[in-house]
Amino acid sequence: GTEQWIEVFLAEPSNITKVSINWDGTRYAPKFIIEGRQGNKWIKLADGNISWGGWHETVADKCGSRCTVSSVRIKANYESMKTRGTEAAWAGLRIWEIEVYGRELGKPIPDVIYLEEPVQHFHNGGFKEILGQSFEIAAEGVNLE
C-alpha cells in the first residue's frame, strides 16, 4: 500500500508539546500528520508541512490539553511525496532521528532552572529553548511553557 507511518512508543504516558524529525534530504514527506495514542484510538497532535529534508520541529497544537499519549505516530501524506522533486514517491521515506518533547505525567515541573550563561539581551520575547526546556520570555520574566 501507499500508507507510510512510524510509531514511537514512550516510556511513560506523557503530555506532548512538540516533535522534531530529522528527515533525509531526498526522502521526506512534504505533508504529514503527527498523532498520539490514547488507549485504543489515535488523536491528531499536529499537521506538518515542510519543503525540504533535515531537522524540522512541529508543535503539538491540535489537541489543547488533551495531548497525553502513550505513543506518537508520524503518518506521511503519500500524494505530497509525489511533489517533492527529489525521488519518486514509491522510493518511500527515510527518517534519521525523531525527538518527542513533553512532560511525564505526575512529574513536577521544576520551579528553578540554573543557567550557566545568561539569556541573551537581544532576545525580543517569544519561545526560546534553554537546557532542553521551552520558555516563553516576555517583559523581563521567564515563564515555563
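Note: the structure precedes this text.
The structure presented is a predicted model; accordingly, all values stated were derived computationally and were not measured. (Residues numbered from 1 in each chain as written. Predicted model: local features only at pLDDT ≥ 70, side-chain atom pairs only at ≥ 80, totals over all residues. Heavy atoms only, no water.)

Peer 1: How would you sum up the pairing of strand 2 (residues 31–38)? Please name residues and give values.
Peer 2: For strand 2 and strand 3 (residues 41–49), the ladder comprises 8 bridges, and the chain directions are antiparallel. Bridge pairing in strand 3 links I33 to D47. Hairpin connection between strand 2 and strand 3: a loop of 2 residues separates the two successive antiparallel strands, and G39 in this loop has a positive phi of roughly 65 degrees. Two strands pair when backbone bridges link them, and strand 2 and strand 5 (residues 68–76) are joined in this way by 5 bridges, in the antiparallel orientation. Looking at strand 5, one finds that E35 is bridged to R73. (Pairing = 2+ DSSP bridges. Helix = DSSP H or I, 4+ residues; strand = E, 2+ residues; numbered from the N terminus.)

Peer 1: Before we move on, could you go through the environment of P13 and cite the residues and values that matter?
Peer 2: Here P13 is to be found in strand 1 (residues 4–23). In this structure, P13 is in contact with V69, S70, E104 and L105, ignoring residues within four places of it in sequence. (Contact = heavy atoms within 4.5 Å.)

Peer 1: Break down the packing of aromatic side chains for me, with residues and values.
Peer 2: If you walk through the whole model with that rule in mind, you get 1 aromatic pair. Judged by centre distance (5.2 Å) and plane angle (50 degrees), the ring pair of W23 and F32 falls under tilted. When its relative accessible area of 2% is taken as the criterion, W23 is described as buried. Here F32 falls in the buried class, since its relative accessible area comes to 3%. Lying across the ring of Y101, K18 places its NZ or CZ 4.5 Å from the centre. (Phe/Tyr/Trp six-rings, centres within 6.5 Å; stacked < 30°, edge-to-face > 60°. Buried < 20%, exposed > 50% of the residue type's maximum accessible area, 1.4 Å probe, protein only. Lys NZ or Arg CZ within 6 Å of the ring centre and 35° of its normal.)

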